[in-house]
Amino acid sequence: MFGYIIVNKQELKFREFDCYRSYYCGLCQCLKERYGRRGQLTLTYDMTFVVLLLTALYEPETLEGSCKCVAHPFEAHPTRRNPFDEYAADMNILFSYYKCLDDWTDERKLKARLAAGALAGKYRRAAQAYPEKAEKIYTLLERIHLYEKTQEANVDLASGCFGEIMAEIFAWRRDEWEEQLKRMGFFLGKFIYLMDAYEDMDKDEKSGSYNVLLLWKKRQPDSFEKDAFSLLQMMVAECSRAFEKLPIIENAEILRNILYSGVWCRYEMLQRKKEQKNA
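Attention in this report is confined to the structure presented alongside it. (Residues numbered from 1 in each chain as written. Predicted model: local features only at pLDDT ≥ 70, side-chain atom pairs only at ≥ 80, totals over all residues. Heavy atoms only, no water.)

Quick word on the overall build of the protein chain
- Counting secondary structure elements, the protein chain contains 12 helices and 2 strands.
- Start at the N end of the protein chain and walk to the C end: the helices and strands fall as α-α-β-β-α-α-α-α-α-α-α-α-α-α.
- In terms of overall dimensions, the protein chain is globule-like: its C-alpha atoms have a radius of gyration of 19 Å, near the 19 Å expected for 279 residues.
- Seen through its principal axes, the protein chain has C-alpha atoms that stretch 55 × 45 × 40 Å.
- Counting the 279 residues in the protein chain, one finds 53% classified as buried.
- The contacts of the protein chain with a sequence gap of at least 6 include a subset with a gap of at least 24, amounting to 71%. (Helix = DSSP H or I, 4+ residues; strand = E, 2+ residues; numbered from the N terminus. Rg over C-alpha atoms; globule rule 2.2 N^0.38 Å. Buried < 20%, exposed > 50% of the residue type's maximum accessible area, 1.4 Å probe, protein only. Contact = heavy atoms within 4.5 Å.)

Next up, the structure:
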C-alpha cells in the first residue's frame, strides 16, 4: 500500500535530490542498525517523507555522513541522521508486521506469513517503545479488514481508517503542531489508500478481491474516472493546506515537490498505460 509519496525527480534541483536521498539512505541505515537486514527490507519512501517533514518542523540536530550498502556497494552515499529516523523505523516495522499478518489472514499468502514471523521480534520491540500507537494502528487495520469482509461500499469509511493510521504516525507528540500534522497524515493516508485501490482495480476485478472503488464504479460507471480524480485531488489539497500552516522553511521545496507533484507520478503513469492500451 505504500510507495506513492515520492519525489518528482525531474522537477528537483540536483542538490535538492541529493538532500532527499541522504535522508532516504539515513533511514535505510537506521533500519539496518535497529532491525537488521530484514527490517531494512521494509524501507519506504513514505516514511522518508515523515522523517523529512518532522525534521523540517522540529529542526533537531542532524548528523551528516556517508555509507555503502548492498544496493550501492562501490560508491558511498551521503546520509543525514537524527532521532526521527528511529521513530520512522519503529513506525515502519509496526505497520509492516501488521500488513503481513493481514495479507496472510486475507489471502493466505505464505510469503506474508513467513515475513510476519521474521518481523515478530522486531515488532515487539517497536510496540514496547510506542504501545499506544501500536494498539491504535492494530485496531484500525482490523477495522479495515472488517470492511473488506463485509464489502463496505462507503469510500470514506475504509480510506478514513488508513487516514487515521497515517495521522497517528505523523503526530510524533502532543504539542501545538499535533492538529495540523494529524490533518496532513489523515488526508495523505486517504489518498494512499484510494490510489492503491485505483491502481489495483483491474487485478481485483479479475480475482474478485474487495476494492471500494470497483463498488463505486459499478454504481456510476459513466462519471467514475472524473469523480475519482476529483476525490484524489481533494485529499491532496486538504493535506497541502494543513502543510502550509506549519512553520517550515528548511527543505520546504522538497516537501512541496512531493505534495504537489510527486504524489501524482503513479497516477500519471497509470493514465499513460490506459491511453496506450486504448490506442
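Comments concerning the packing of helix H1 (residues 14-40) against helix H2 (residues 45-58)
- Where H1 meets H2, the closest approach of the two axes is 9 Å, and the angle between their N-to-C directions is 110°. Accordingly, the angle class assigned to the pair H1 and H2 is roughly perpendicular. In the packing of H1 onto H2, the handedness of the crossing is right-handed. Residues Tyr20, Tyr23, Tyr24 and Leu27 of H1 lie in contact with H2, whose contacting residues are Tyr45, Met47, Thr48, Val51, Leu52 and Thr55. (Axes fitted to C-alpha atoms, helices over the stretch in contact; angles between N-to-C directions. Parallel < 35°, antiparallel > 145°, perpendicular 65-115°, else oblique. Left-handed = near helix turned anticlockwise from the far one by under 90°.)

Focus: the packing of helix H6 (residues 155-170) against helix H7 (residues 178-199)
- Where H6 contacts H7, the axes come no closer than 6 Å and their chain directions differ by 135°. Classified by the angle their axes make, H6 and H7 are oblique. Here H6 and H7 pass one another in a crossing that is right-handed. From H6, Val155, Asp156, Ala158, Ser159, Gly160, Phe162, Gly163, Glu164, Met166, Ala167, Glu168 and Phe170 reach across to H7, where they touch Leu181, Lys182, Met184, Gly185, Phe186, Leu188, Gly189, Lys190, Ile192, Tyr193 and Leu194.
- Counted by class, the contact of H6 with H7 contains 13 nonpolar, 5 polar and 5 charged residues. (Nonpolar A, V, L, I, M, F, W, Y, C, P; charged D, E, K, R; others polar.)

Re empty space enclosed by the protein
- For the coordinates displayed, the defined rule picks out 1 cavity of 30 Å³ or more.
- When its volume is computed, the largest cavity comes out at roughly 30 Å³.
- In this structure, the largest cavity is lined by Leu194, Tyr198, Leu213, Trp216, Ala228, Leu231 and Leu232.
- For the lining of the largest cavity, the element with the most residues is helix H10 (residues 224-243), which contributes 3 residues.
- A class-by-class count of the residues in the lining of the largest cavity yields 7 nonpolar, no polar and no charged. (1 Å grid on protein atoms, 1.4 Å probe; cavity = no way out; pocket = protein on both sides within 12 Å on 5 of 7 lines; lining within 4 Å. Points joined across faces, edges and corners; volume = space filled by probe spheres on them.)

Digging into the nonpolar core
- Of all hydrophobic cores here, the largest spans 93 residues; its most connected members are Phe49, Leu53 and Met184.
- What methionine 184 contacts, discounting residues up to four positions off in sequence, is Phe49, Leu53, Phe170, Cys239, Ala242, Phe243, Leu246 and Leu259. (Core = buried A, V, L, I, M, F, W, Y, C linked by side-chain atoms within 4.5 Å.)

Quick word on the pattern of salt bridges
- Applying the stated criterion across every chain yields a total of 17 salt bridges.
- With a closest N to O distance of 3.8 Å, lysine 203 and aspartate 200 form a salt bridge.
- A relative accessible area of 52% means that lysine 203 is categorised as exposed.
- Classification of aspartate 200 by relative accessible area gives buried; the value is 18%.
- Note that arginine 256 is salt-bridged to glutamate 244, the shortest N-O span being 2.9 Å. Of this pair, arginine 256 sits in helix H11 (residues 252-260) while glutamate 244 sits in the loop between H10 and H11, and the two are 12 residues apart along the sequence.
- Looking at arginine 256, the relative accessible area reads 24%, which means it is partly exposed.
- By relative accessible area, glutamate 244 is classed as partly exposed at 37%.
- One salt-bridge network, in which partners are shared between bridges, spans Arg34, Glu86 and Asp90. (Salt bridge = Lys/Arg side-chain N within 4 Å of Asp/Glu carboxyl O.)

Looking at H10
- With 20 residues, H10 extends 29 Å from end C-alpha to end C-alpha; this agrees with the ideal 28 Å at 1.5 Å per step.
- Taken residue by residue, H10 has Phe224, Ala228, Leu231, Leu232, Met235, Val236, Glu238, Cys239, Ser240, Ala242 and Phe243 as its buried positions. (Expected span 1.5 Å × (residues − 1).)

Describing the packing of aromatic side chains
- Inspection of the entire model under this criterion finds 16 aromatic pairs.
- On the basis of an interplanar angle of 40° and a centroid distance of 5.8 Å, the ring pair of tyrosine 58 and phenylalanine 84 is categorised as tilted. Here the residue tyrosine 58 occupies a position in helix H2, and phenylalanine 84 occupies one in helix H3 (residues 83-107), the gap between them amounting to 26 residues. Each member of the pair, tyrosine 58 together with phenylalanine 84, is buried.
- A network of ring pairs unites the aromatic residues Phe191, Tyr198, Phe229, Trp264 and Tyr267 as a single cluster.
- A cation sits over an aromatic face here: lysine 9 above phenylalanine 17, 4.6 Å from the ring centre. (Phe/Tyr/Trp six-rings, centres within 6.5 Å; stacked < 30°, edge-to-face > 60°. Lys NZ or Arg CZ within 6 Å of the ring centre and 35° of its normal.)

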